[in-house]
Amino acid sequence: MALSSALVKKVMLSYTYVAIWILLSFSVIVYNKYILDRKLYDWPFPISLTMIHMAFCSSLAYLLINVFKVVEPVSMSREFYFKSVVPIGALYSLSLWFSNSAYIYLSVSFIQMLKALMPVAVYSIGILFNKETFRSNVMANMVSITAGVAIAAYGEARFDLSGVLLQLGAVGFEATRLVLIQILLTSAGIKLNPITSLYYVAPCCLVFLSIPWAIMEFPILRQTSSFHLDFFIFGTNSVCAFALNLAVFLLVGKTSALTMNVAGVVKDWLLIAFSWSVIKDTVTPINLFGYGIAFLGVGYYNHAKLQALKASETATQAKPSQQADEETGKLLDEKDEERNQSPTK
């Protein structure tokens, strides 16, 4: 049976959104690596880079919401903002700071392998906060992902403990942030898309990051010419970072969050190939074997999530029809009673 033109168009648009997201995510990661790596652009100031991103993104988000009215702001009280959004902003600032710092010490390919631990961290922290239920089969899958990443780390040619600890810290902070979003925002009925997230969260990040920046990076920047920014490099880098958030908004809005997870796996393999072929990072067979095990575990995790989502949607769709059947049955019973009670002619 021939596919309808509307369906073909929808599929092509979905693939286009996925391709744009992969391209921008790919560009931001490689661009950050280029800026921070001592062998490349040699500007090893990850806090400063993150602050530039946050200042640029919060400014553009303000314009899109308050001036151009692209999306509506979310109404929330000042008390709710400080109790719910500020902690999420603090975790996000730590996650960005640590992940950007890891690029100074580790290769792009190895960082992507370490990021495969994200489902493990989210599931484990979800159990601690009572947002996930412990299941032995899920935990066994988490153990297989962890084992795969451990094998990949064992085979890493440029293993650096500082970089590994920074990236693991970034994964932990990001996982905690994702769980807190469910606890503090989703449970309260607050839904933030990437633009409104930047509008509310990016200023928090800027404030939190200014503290370690003033202590760790500002004194060095003040003593060197590095304080004078290359507006082309940092401007285009910030535009890429903001465009990535818009791409997330489009991808999740037009497809689903699961599609983004699957696309993320494709992006990781592309980055590993790019890191090996273009940047000339060393990727060993043990690296690939370990990441292959982790990849299969993450793939199974995404498949299980998809099945659970389908089951939930089926149950949700079945409830109205079940209620309708019950109401119809009640009406028929009432009519039968009326017939029995009314005199025959």
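Placed above this text is the structure.
What counts, and where the lines are drawn
Residues numbered from 1 in each chain as written. Predicted model: local features only at pLDDT ≥ 70, side-chain atom pairs only at ≥ 80, totals over all residues. Heavy atoms only, no water. Salt bridge = Lys/Arg side-chain N within 4 Å of Asp/Glu carboxyl O. Buried < 20%, exposed > 50% of the residue type's maximum accessible area, 1.4 Å probe, protein only. Helix = DSSP H or I, 4+ residues; strand = E, 2+ residues; numbered from the N terminus. Contact = heavy atoms within 4.5 Å. Expected span 1.5 Å × (residues − 1). Polar contact = N/O pair within 3.5 Å; in protein donor to acceptor, adjacent residues only side chain to side chain. Patch = residues over 30% accessible without salt bridge, like charges linked within 9 Å, V, L, I, M, F, W, Y side chains within 5 Å. Areas by Shrake-Rupley, 256 points an atom, 1.4 Å probe, with all protein chains shown as cover. Phe/Tyr/Trp six-rings, centres within 6.5 Å; stacked < 30°, edge-to-face > 60°.

## Here we look at the pattern of salt bridges
Enumeration according to the criterion identifies five salt bridges in this entry. One salt bridge in this structure joins Asp-37 and Lys-33, with 2.7 Å as the shortest N-O distance. The pair Asp-37 / Lys-33 is uniform in exposure class, with both members buried. The residue Glu-79 makes a salt bridge to Lys-83 at a minimum N-O spacing of 3.9 Å. Highlighted residues: Glu-79 and Lys-83, both in helix H3 (residues 78-105), separated by four residues, approximately one helical turn.

## Comments concerning the environment of Leu-106
Here Leu-106 lies in the loop between H3 and helix H4 (108-114). You can call Leu-106 buried: its relative accessible area is 0%. C-alpha separation for the pair Leu-106 and Asp-37, spaced 69 residues apart in sequence, amounts to 9.2 Å. When sequence neighbours within four positions are dropped, the list of residues in contact with Leu-106 reads Lys-33, Ile-111, Leu-114, Arg-158, Asp-160, Gly-163 and Val-164.

## So, the environment of Ile-272
For Ile-272, the position within the fold is in helix H10 (residues 257-277). Owing to a relative accessible area of 3%, Ile-272 belongs among the buried residues under this scheme. Between the alpha carbons of Ile-272 and Ser-107 there is a distance of 9.3 Å; along the sequence they are 165 residues apart. Setting aside anything within four residues of it in sequence, one finds Ile-272 in contact with Ser-109, Gln-112, Met-113, Val-283, Leu-288 and Tyr-291.

## Some remarks on helix H2 (residues 46-67)
Between its first and last C-alpha, H2 extends 31 Å over 22 residues, near the 32 Å set by a 1.5 Å rise per residue. Following H2 by one or two positions, Lys-69 adopts a phi angle in the positive range, close to 55 degrees.

## Remarks on the side chain of Ser-58
The topology assignment puts Ser-58 in helix H2. A distance of 2.8 Å separates a polar side-chain atom of Ser-58 from the backbone oxygen of Met-54. Other than its neighbours up to four places away in sequence, Ser-58 contacts Leu-198, Ala-202 and Pro-203.

## What about a nonpolar patch on the surface?
Taken together, the side chains of Tyr-62, Leu-63, Val-67, Phe-68 and Val-70 present a nonpolar region at the surface, about 490 Å² in accessible area. Tracing the sequence through the fold places Tyr-62 in helix H2. A residue is classified by how much of its surface remains accessible, and Tyr-62, at 46% relative accessible area, is partly exposed.

## Describing the packing of aromatic side chains
Per the counting criterion, the structure on display carries 16 aromatic pairs. Arranged with centres 5.4 Å apart and planes meeting at 90 degrees, the rings of Phe-98 and Phe-173 form a pair that is edge-to-face. Of the two residues, Phe-98 is situated in helix H3 and Phe-173 in helix H7 (residues 161-185); the sequence distance between them amounts to 75 residues. Residue classification places Phe-173 among the partly exposed residues on the basis of a relative accessible area of 24%. Ring-pair connections join several aromatic residues into one group, and the members of that group are Tyr-31, Tyr-34, Tyr-41, Trp-43, Phe-45 and Phe-234.

Function-wise, these values are silent; they only describe arrangement.
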